[in-house]
Amino acid sequence: MDVFHVTDAAGNKVTNEETISCIEKSIGMSHRYPKSVGVQSAAEHTIIELIGTDRPGLMSEISALIAQMQCNVVAAELWTHNMRAACVLYITDQVSNGPIECHQRLKRIKESLSNVLKGDQGSKSARTDFSMSVTHTERRLHQMMFADRDYEGVSDDQMWDLDGKVTVENCNEKGYSVVNIECRNRPKFLFDTLCTLTDMEYVIFHGTIDTDGQRAYQEYYIRHIDGRTLDSEAERRRVVLCLKAAINRRSSEGLRLELCTNDRVGLLSDVTRIFREHGLSVIRADVSTRDDKACNVFYVRDASGNQVDLKTIEALRQEIGLAVLQVKEPLCLSKPLVRQSSLRSRFSFGSLRPSQVLHNLGFIRSSP
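Given the structure is predicted, the values throughout are model-derived calculations rather than measurements.

Participant: Would you explain the environment of E44 in this entry?
Facilitator: Position of E44 among the secondary structure elements: in the loop between β1 (39-40) and β2 (46-53). Separated by 48 residues in sequence, E44 and T92 place their C-alpha atoms 7.9 Å apart.

Participant: Sorry if this is basic, but what is going on with helix α6 (residues 189-199) here?
Facilitator: Because each turn of an α-helix spans 3.6 residues, side chains separated by three or four positions end up pointing in the same direction. Extensive coverage of α6 is indicated by the burial of 9 of its 11 residues. Every buried residue of α6 is listed here: F189, D192, T193, L194, C195, T196, L197, T198 and D199. The secondary structure elements touched by the buried residues of α6 are α4 (137-147), β8 (176-184), β9 (202-211), β10 (215-224) and α7 (233-249). Note on α6: the residue one or two positions beyond its end, E201, has a positive phi of about 65°.

Participant: Would you mind going over the nonpolar core with me for this structure?
Facilitator: As a rule of thumb, soluble globular proteins bury nonpolar side chains together. In this structure, L89, F275, F298, V300 and L316 are the most contacted members of the largest nonpolar core, which totals 42 residues. In this structure V300 touches G254, L255, L257, F275, L280, S281, V282, I283 and V308, once residues within four positions along its chain are discounted. F146, I181, Y202 and V239 belong to the second-largest nonpolar core, a separate cluster that totals 24 residues.

Participant: Looking at this structure, I do not really get unusual backbone geometry. What am I missing?
Facilitator: Where the residue is not glycine, phi is negative for most of them; where a peptide bond is considered, it is trans in most cases. One non-glycine residue, R149, adopts positive backbone phi at about 60°. Along the chain, R149 turns up in the loop between α4 and α5 (156-159). Unlike most non-glycine residues, E201 shows phi in positive territory, near 65°. Position of E201 among the secondary structure elements: in the loop between α6 and β9. Owing to a relative accessible area of 40%, E201 belongs among the partly exposed residues under this scheme.

Participant: It is not clear to me how helix α8 (residues 267-277) should be interpreted in this structure. Could you clarify?
Facilitator: Of all the positions in α8, only L267, L268, S269, V271, T272, I274 and F275 are classed as buried. Packed against the buried residues of α8 are α2 (58-68), β3 (71-81), β11 (255-262), β12 (280-290), β13 (293-302) and α9 (310-320). Following α8 by one or two positions, G279 adopts a phi angle in the positive range, close to 75°.

Participant: Looking at this model, I keep getting lost on the packing of aromatic side chains. Mind explaining?
Facilitator: Any two aromatic rings considered together are summarised by their centre-to-centre distance and by the angle between their planes. Tallied over the entire structure, the rule returns 4 aromatic pairs. Between Y176 and Y221, the ring centres sit 5.9 Å apart and the planes meet at 85°, which makes this aromatic pair edge-to-face. A residue pair is termed long-range when its members are at least 10 positions apart, and Y176 in strand β8 and Y221 in strand β10 qualify at 45 residues. With centroids separated by 5.1 Å and ring planes inclined at 85°, the aromatic side chains of F275 and F298 adopt a geometry described as edge-to-face. Within this pair, whereas F275 is found in helix α8, its partner F298 is found in strand β13, the two being separated by 23 residues in sequence. The class of F298 is buried, set by a relative accessible area of 0%.

Cut-offs used in this document
- Residues numbered from 1 in each chain as written.
- Predicted model: local features only at pLDDT ≥ 70, side-chain atom pairs only at ≥ 80, totals over all residues.
- Heavy atoms only, no water.
- Helix = DSSP H or I, 4+ residues; strand = E, 2+ residues; numbered from the N terminus.
- Buried < 20%, exposed > 50% of the residue type's maximum accessible area, 1.4 Å probe, protein only.
- Contact = heavy atoms within 4.5 Å.
- Core = buried A, V, L, I, M, F, W, Y, C linked by side-chain atoms within 4.5 Å.
- Phe/Tyr/Trp six-rings, centres within 6.5 Å; stacked < 30°, edge-to-face > 60°.

This is the structure we're talking about:
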């Protein structure tokens, strides 16, 4: 039995019957995801997956090219981490409002996007692919960045800015390896760590999750899919790095901008062009279309990676529209706390009450 105690994004009890019904149906559908949990249908759109070296203005270049190719972006999500960028685009033909079916046209789109990703430096690590299956966008972004090995090449200090730590130890008497995670709490923290352990082909046999609102604590008893524990220091080190990378991918240190307006062809291209002209770089984006409304969220910094000054933001809002573009504080549940105690003494599988224990989580299979 798995027991979860959940709140909405603002930390309040979930009372909306529609939301509760959606959760129940989603869990009962077993590896099939409704649109309300981050999935777009491959039958309605052409799905493009991009990964390459991050640089200022990259999203603007991508969206401008899509518009030039007579396509419309109906949904997209972009993550950046460790100088890498991964993006999943859902596009339609401007005329038919359906998926693009001409093979020659698809070939031209792929070649053009590949050239944009390579940039002036001609990066050989850029990739452009089409997806033909139903895709959970955030799940897929984790898979793409993990396969791209975005966890390599940086030190602990560079990767880890969430005021916490990750440890992996062997529990020889029980025959498990024990993963302990503590850091600032934030939405979808559990999702990110479970995706990573699954992608690394580890099975979770027992798990405990706890939070005091400001801090999150997770403990997992795992084995590799072949039944062995993490016997080498190198393997344990790799798990630590991968978990830190997964958590950091979604950490949003940039300024959050929310755009809501009537959708139109080329809207994303125009907005990201304005960002670029004002010296801003998009470090994370969530683009969606609901009926005839575009509802987009951008996290931005200046081209040097620093925080954006107020004058630039006001100029942006004046150009795009004061009612259209809103500045929001990133949702953050953390506050400065006293120095953390040991994970082992703070958080132990045997010390929690039954309602806090997620027993036999099992192997969470990767989506197609």
